[in-house]
Amino acid sequence: MLQLTATPESALADEPLAIQVTGLPPSQVVTLKASLTDERGKLFLSRAFYRANEAGQVDLERDPSLGGDYVGIHPMGLFWSLKPQRDWGRLLKRDVMNSPFWVTLDLYDSICFSDLPTDKPKASLVVQRWFSRPGVERKQIREGRIRGVLFLPPGEGPFPGIIDLFGGLGGLVEFRASLLAARGFAVLALAYFAYEDLPNSLLEIDLEYFEEATNFLLAHPKIRRAGIGVISVSKGAEIGLAMACYLKQVVATICINGSNAVCDFPLKYRGLVVSPTLSAAERMQVHISGALCLRYIKGDPRKDVNPQSLLPVEKAQGWLLFIVGENDQCLESRVHAEQAMEQLKSHGKSNGRILLYPGAGHLIEPPFSPLCFASWLRSSSLVYLWGGDPAAHAAAQEHSWGEIQKFFWQHLTQTTSKL
């Protein structure tokens, strides 16, 4: 009897599935298709073509895809190769607590390119991809100026505390924070513009706002007192690195594809004003897709960055991890990370490390998240290019997620602190 299975059918979004087909004729060519409709009604699809073995079986952990959206042995390829059916969509989970992403897996007994209602699958099943686990608490935070959401793991703690910062998207993004909470961390998803009563646009970086958030976490009874971690991407990574440089409470910082200099908007902290390096719009390039490539708008980081805008990474008392996608089309992030490491080395410091991922783009997210190659920003009518080769990007996401957790467990649970 023909059977399509996925184990487990309900799991956290960062957990792999075992997908198998049995009961096929020997050497039968089949299509496996995945489909997902997000919370705003946007459809994402992927498909791959497989050939059954002599026993009439297909096992995605063993058998290569021969064509479709990916080629080769990729057990979770149907998930990370999901693509929006309308251009420029980014898959973002918004309600992380009350509902999963429902992903439909369909099996066809031939090569199936179309998505017509008359194309009936031979077998189907639906799997659930959750962004939280039972017992995780979600608490809305409106303390002083702080705006965000705190996720607490089950139990009394104390737990390692982390601040989660995204970039130019603005607003509040929760899916990474909730997944880290499911792995045992207390995480504050922190908004800093375009949310509630915060400024609609980013005009300056007020580091005292982020210091207030850091002190809020350290004062929480369920959070360890040894120091705070920061995970950050894009513009958020620039802010995260500034927090590591100026806030002694920050003892472990992860910067994903960010700058080592203050860019476009001044940074202010207790009377200090750091003037930014300004982007040069004339360096923008237009990709063949029509999306704007921003990679070169800051010029050569080694030559064109205002030296006074460089962040003093040598002052960071905690540990630094730079995660770099070498196909980042938003920023020359490798050069920025290497420059930061050179600064550390020139001051006799060894508290930094780089993870380089060939082929990975700008938006490195938790495992099995689809590559967002380009997307709209809510604050703009333009489409921006983020880059990335789908398979290489997927490998980077899977590997870096494990490294992120190891980094925080190592540096946020020590009995002694570098402070």
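Residues numbered from 1 in each chain as written. Predicted model: local features only at pLDDT ≥ 70, side-chain atom pairs only at ≥ 80, totals over all residues. Heavy atoms only, no water.

Scanning the protein chain from terminus to terminus reveals six helices and 25 strands. Against the globule reference of 22 Å for 419 residues, the protein chain gives a C-alpha radius of gyration of 22 Å, in line with a compact fold. Overall, the C-alpha framework of the protein chain stretches about 75 × 55 × 40 Å when taken along its three principal axes. Taking the intrachain contacts of the protein chain between residues at least 6 apart in sequence as the baseline, contacts between residues at least 24 apart amount to 69%. Working note: accessible area of the protein chain is about 17400 Å², and carbon and sulfur atoms make up 53% of it. Charged side chains of the protein chain number 42 positive and 43 negative; the gap between the two group centres comes to 3 Å. (Helix = DSSP H or I, 4+ residues; strand = E, 2+ residues; numbered from the N terminus. Rg over C-alpha atoms; globule rule 2.2 N^0.38 Å. Contact = heavy atoms within 4.5 Å. Areas by Shrake-Rupley, 256 points an atom, 1.4 Å probe, with all protein chains shown as cover. Lys, Arg positive; Asp, Glu negative; His and termini not counted. Charge placed at Lys NZ, Arg CZ, Asp CG, Glu CD.)

Turning to the sheet that holds strand β6 (residues 58-59), a few remarks are in order. Taken in spatial order, the three strands line up as β1-β3-β6 in an open sheet, and their pairing is antiparallel. What marks the edges here is a single partner per strand, and that holds for β1 (3-7) and β6. (Pairing = 2+ DSSP bridges.)

Taken as a whole and judged by the stated rule, the model has 24 salt bridges. Across the pair Asp-164 and Arg-176 runs a salt bridge, and its minimum N-O distance is 2.5 Å. Of this pair, Asp-164 sits in strand β13 (residues 159-165) while Arg-176 sits in helix α2 (residues 175-182), and the two are 12 residues apart along the sequence. Assigned by exposure class, Asp-164 and Arg-176 land together as buried. Notably, a salt bridge pairs Arg-353 with Glu-403, separated by 3.6 Å at the nearest N-O pair. Residue Arg-353 is located in strand β23 (residues 352-357), and its partner Glu-403 is located in helix α6 (residues 390-412); the two are separated by 50 residues in the primary sequence. Exposure remark for Arg-353: the relative accessible area of 37% places this residue in the partly exposed category. (Salt bridge = Lys/Arg side-chain N within 4 Å of Asp/Glu carboxyl O. Buried < 20%, exposed > 50% of the residue type's maximum accessible area, 1.4 Å probe, protein only.)

Residue position: Ala-34 is located in strand β4 (residues 29-37). With near-sequence residues (within four places) excluded, Ala-34 lies in contact with Phe-44, Leu-45, Ser-46, Leu-78, Leu-82, Val-103, Thr-104 and Leu-105.

So, about the confidence of the model for the protein chain. On average, the protein chain scores 95 in pLDDT, and the residues at 70 or more come to 98%. Taken together, the stretch residues 415-419 has pLDDT below 50 and engages in 10 contacts with residues farther than four places along the chain or on a different chain. (pLDDT = per-residue confidence, 0-100.)

Cis rather than trans, the peptide bond between Thr-7 and Pro-8 has omega equal to -10°. A cis amide bond links Gly-157 to the next residue, Pro-158, at an omega of 5°. Of note, Glu-196 is a non-glycine position whose phi angle comes to about 50°, a positive value. At Ser-234, a residue that is not glycine, the phi angle is positive and equals roughly 60°. By secondary structure assignment, the location of Ser-234 is in the loop between β16 (223-233) and α4 (235-246).

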